[in-house]
Amino acid sequence: MKKVYIETYGCQMNVYDSEIVKSVLGKSGYELTDSEAEADIVLLNTCSVRENANRKVYNRIHQIKQRRNDERVMIGILGCMATNFRKQLLENPKLPIDFIAGPDSYKRLPQLISEVSANGADGKNFDVTLSEFETYSDVYPTQSSGVNAWVAVMRGCDNFCTFCVVPYTRGRERSRSPENVVDEVKRLADQGFRQVTLLGQNVNSYNYEGKDFAYLLQKVSEVQGIERIRFTSPHPKDFPRNLLQVIAENPRVCKQIHLPLQAGNDRILEMMNRTYTQKEYLELVDEIRGLIPNIVLTTDIIVGFPTETDEEFEDTVKVMEQVVFDSAFIFKYSERPHTIAQRKFPDDVPDAVKTERIVRLNELQKTHSYQKNEAHIGEIHEVLIEQETTKKSPDEFQGRNDGNKIVIFPRGDYRKGQFVHVRITEVTAHVLRGEVVEVLSK
Ligand code: 5AD
Ligand code: SF4
């Protein structure tokens with residue numbers, strides 16, 4: 001029996017897809033292994049959202065071949081690089097890969113692999129066709145135990161933000177039926193999961209025969225055993241009011257929203273094709289906070305988009321200062337092949353300027369994260385226990401509060417998957433610490 005090892009890069013959608021791949025291959029008689037050294041087939045599920053993600057994968061391919069020094073080890077490239085860098089991957093004779101498969105082709109993997117085995121070293125095999133329909137509704141991912149499970153509710157993206165490669169690597173938007181999603185969530189509840197995170201490139205566009213995301217969220221929240229539901233990510237351009245209502249009123253839906261800002265300046269937002277203005281973004285934040293005062297807000301920001309001036313960058317600073325996010329992922333603009341920005345706007349902001357801007361925003365965010373966390377001292381938070389140890393100490397437990405912040409507390413007579421009330425006593429910009437005051441029965 002051939003052994004398969006899979007390594008995952010990039011976003012949670014890729015992590016989810018890797019489980020789909022394991023499920024498909026497991027059913028076809030392959031054995032899955034956690035050890036690259038033992039594997040006959042090594043799969044790299046890749047990301048191409050920024051250039052450094054690509055570089056890592058190229059290095060890894062050479063490293064695997066060199067270390068193994070074994071002609072028989074088969075290497076397959078999956079995920080976003082497979083679709084977006086197909087030509088480079090296939091035509092580079094120095095790249096020792098055997099096949100590539102895009103995000104919509106995973107059901108064909110067993111066939112691709114057996115074709116490669118049959119043909120020996122004759123050329124590389126590939127399937128990178130993007131589908132308008134594939135949602136893997138009939139494949140359940142293999143995740144078998146844990147506290148949080150991810151569930152993809154839609155695939156692809158139709159927004160075409162000019163910087164983003166996702167519409168090209170993952171194709172058109174398509175949603176799974178609510179019944180199919182709920183079935184998967186029920187199975188997860190039966191396996192002991194306590195939380196699900198619903199995934200989509202833009203969940204606000206979820207639409208299955210007229211059923212919207214608010215409807216889906218409500219249905220998922222009715223599954224017995226799942227106590228917490230999160231989702232990522234919505235798009236600020238079309239945040240439905242009925243969705244806000246469900247978040248506000250449904251105790252199982254976590255009071256946390258990831259709301260990618262990308263930039264604070266209207267000219268840059270327009271060039272990015274984000275289709276909202278600074279004012280509209282800020283009004284949305286006000287509306288959310290009006291309805292859900294304790295909401296935890298996080299964001300994504302890009303610095304150094306083509307032609308962004310110092311003055312325009314200050315608008316991003318201004319929005320951050322006005323909103324005070326709980327946390328933020330901040331990126332330097334990275335030009336991606338095939339995107340509208342790559343075709344229309346030269347990547348003209350010097351790297352040194354991007355570095356200056358990212359350092360400044362990271363520092364600002366750190367003070368904001370600390371400020372937000374400090375306000376929690378003395379409060380009692382409901383924490384779902386995720387780990388019976390922490391990176392730093394075997395005598396500590398770790399979990400997350402409703403807002404998805406990490407909470408650490410001393411070891412005690414509790415278990416992973418249980419809910420406890422923790423009084424927050426100390427904080428940093430990244431974690432909350434405290435002591436358990438009560439074990440909850442749910
Ligand atoms: N350059 C830099 N950051 C990017 N992102 C997406 N594309 C790019 C790019 N070309 C960021 C966005 C997005 C997050 C997932 O990655 O902020 O929200
Ligand atoms: Fe990319 Fe924009 Fe779609 Fe997000 S919404 S995946 S940033 S195109």
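The present account deals with the structure reproduced in this document. (Residues numbered from 1 in each chain as written. Chains lettered and ligands numbered in written order. Predicted model: local features only at pLDDT ≥ 70, side-chain atom pairs only at ≥ 80, totals over all residues. Heavy atoms only, no water.)

## With respect to the overall build of the protein
Convention followed: Each helix is a run of DSSP H or I of at least 4 residues and each strand a run of E of at least 2, with the numbering of both proceeding from the N terminus. Summary of the burial criterion: residues with accessible area below 20% of their type's maximum are buried, those above 50% are exposed, and those between are partly exposed, where the area comes from a 1.4 Å probe applied to protein chains only. Any two residues having at least one pair of non-hydrogen atoms within 4.5 Å are treated as being in contact.
A count of helices and strands for the protein gives 14 helices and 21 strands. Viewed in the frame of its principal axes, the protein has a C-alpha envelope of about 65 × 55 × 45 Å. The proportion of buried residues among the 442 residues of the protein is 55%. Of the contacts made within the protein by residues no fewer than 6 positions apart, 73% connect residues no fewer than 24 positions apart.

## Let's talk about helix α9 (residues 241-249)
Selection criterion: Along the arc lie the directions from the helix axis toward the C-beta atoms.
Listed in full, the buried residues belonging to α9 are Leu243, Leu244, Val246 and Ile247. Looking straight down α9, one finds that the buried residues subtend no more than 160° of arc, so they occupy a single side. Here the buried face of α9 lies against α8 (213-221), β13 (228-232), β14 (256-258) and α11 (278-291).

## Some thoughts on the site of ligand 1
The condition that has to hold: Note on definitions. A residue lies near a molecule or strand when any single heavy atom of the residue is within 4 Å of it. The term polar contact refers here to a pair of N or O atoms within 3.5 Å; inside protein, the definition further demands a hydrogen-donor-capable atom paired with an acceptor-capable atom, and it admits residues adjacent in sequence only when both atoms are side-chain atoms. Reported accessibility uses the Shrake-Rupley method at a 1.4 Å probe radius. Residues are deemed covered only where the shown protein chains occlude them. Three classes are used: nonpolar for Ala, Val, Leu, Ile, Met, Phe, Trp, Tyr, Cys and Pro, charged for Asp, Glu, Lys and Arg, and polar for all others, with Gly counted as polar.
Val49, Arg50, Phe163, Gln262, Asp300, Ile302, Phe331, Lys332, Tyr333, Ser334 and Arg336 make up every residue found near ligand 1. Between ligand 1 and Arg50 there is a distance of 2.9 Å, counted from an oxygen atom to a side-chain nitrogen or oxygen. When ligand 1 is considered free in solution it has 400 Å² of accessible area, and contact with the protein chains removes 85% of it. Elements that contribute at least two residues to the shell around ligand 1 include exactly β15 (296-303) and β16 (327-332). Across the shell around ligand 1, the residue classes break down as 5 nonpolar, 2 polar and 4 charged.

## A closer look at the environment of Glu386
Relative to the assigned elements, Glu386 resides in strand β17 (residues 380-387). Separated by 20 residues in sequence, Glu386 and Ile406 have C-alpha atoms that sit 9.6 Å apart. Those residues in contact with Glu386 that sit more than four places away from it in its chain are Val147, Gln398, Gly399, Arg400 and Lys416. A distance of 3.4 Å separates a polar atom in the side chain of Glu386 from a polar atom in the side chain of Arg400.

## Some remarks on the pattern of salt bridges
Formally: A side-chain nitrogen of Lys or Arg and a carboxyl oxygen of Asp or Glu constitute a salt bridge if their distance falls within 4 Å.
Scanning the model with the defined rule gives 30 salt bridges in all. A salt bridge links Arg60 to Glu36; the shortest N-O distance between them is 2.9 Å. With Arg60 in helix α2 (residues 51-68) and Glu36 in the loop between β2 (31-32) and β3 (41-46), this residue pair connects regions lying 24 residues apart in the sequence. Judged by its relative accessible area of 8%, Glu36 is buried. One salt bridge connects Arg357 with Asp310, and the closest N-O pair in it is separated by 2.8 Å. In this pair, Arg357 sits in helix α14 (residues 351-374) while Asp310 sits in helix α12 (residues 310-323), placing the two residues 47 residues apart along the sequence.

## Some thoughts on the packing of aromatic side chains
For any pair of aromatic rings, the description consists of the separation of the ring centres together with the inter-plane angle of the planes. Note the threshold: A pair of aromatic rings is counted whenever rings of Phe, Tyr or Trp (Trp by its six-membered ring) have centres within 6.5 Å, and the orientation is called stacked for planes under 30 degrees apart, edge-to-face for over 60 and tilted otherwise. Consider the ring centre and the ring normal. A charge sits over the ring if Lys NZ or Arg CZ is within 6 Å of that centre and within 35 degrees of that normal.
Counted under the stated rule, the structure contains 11 aromatic pairs. Ring geometry for Phe305 versus Tyr333: centroids 5.2 Å apart, planes at 70°, classification edge-to-face. Taken together, the positions of Phe305 in the loop between β15 and α12 and Tyr333 in the loop between β16 and α13 (340-344) put the pair 28 residues apart, joining distant regions of the chain. Members of the aromatic cluster, connected to one another through ring pairs, are Tyr206, Phe213 and Phe231. If you follow Arg50 out to its NZ or CZ, it ends over the ring of Phe331, 3.7 Å from the centre. Here Arg187 stacks its cationic end above the ring of Tyr140, 3.9 Å away from the centre of that ring.

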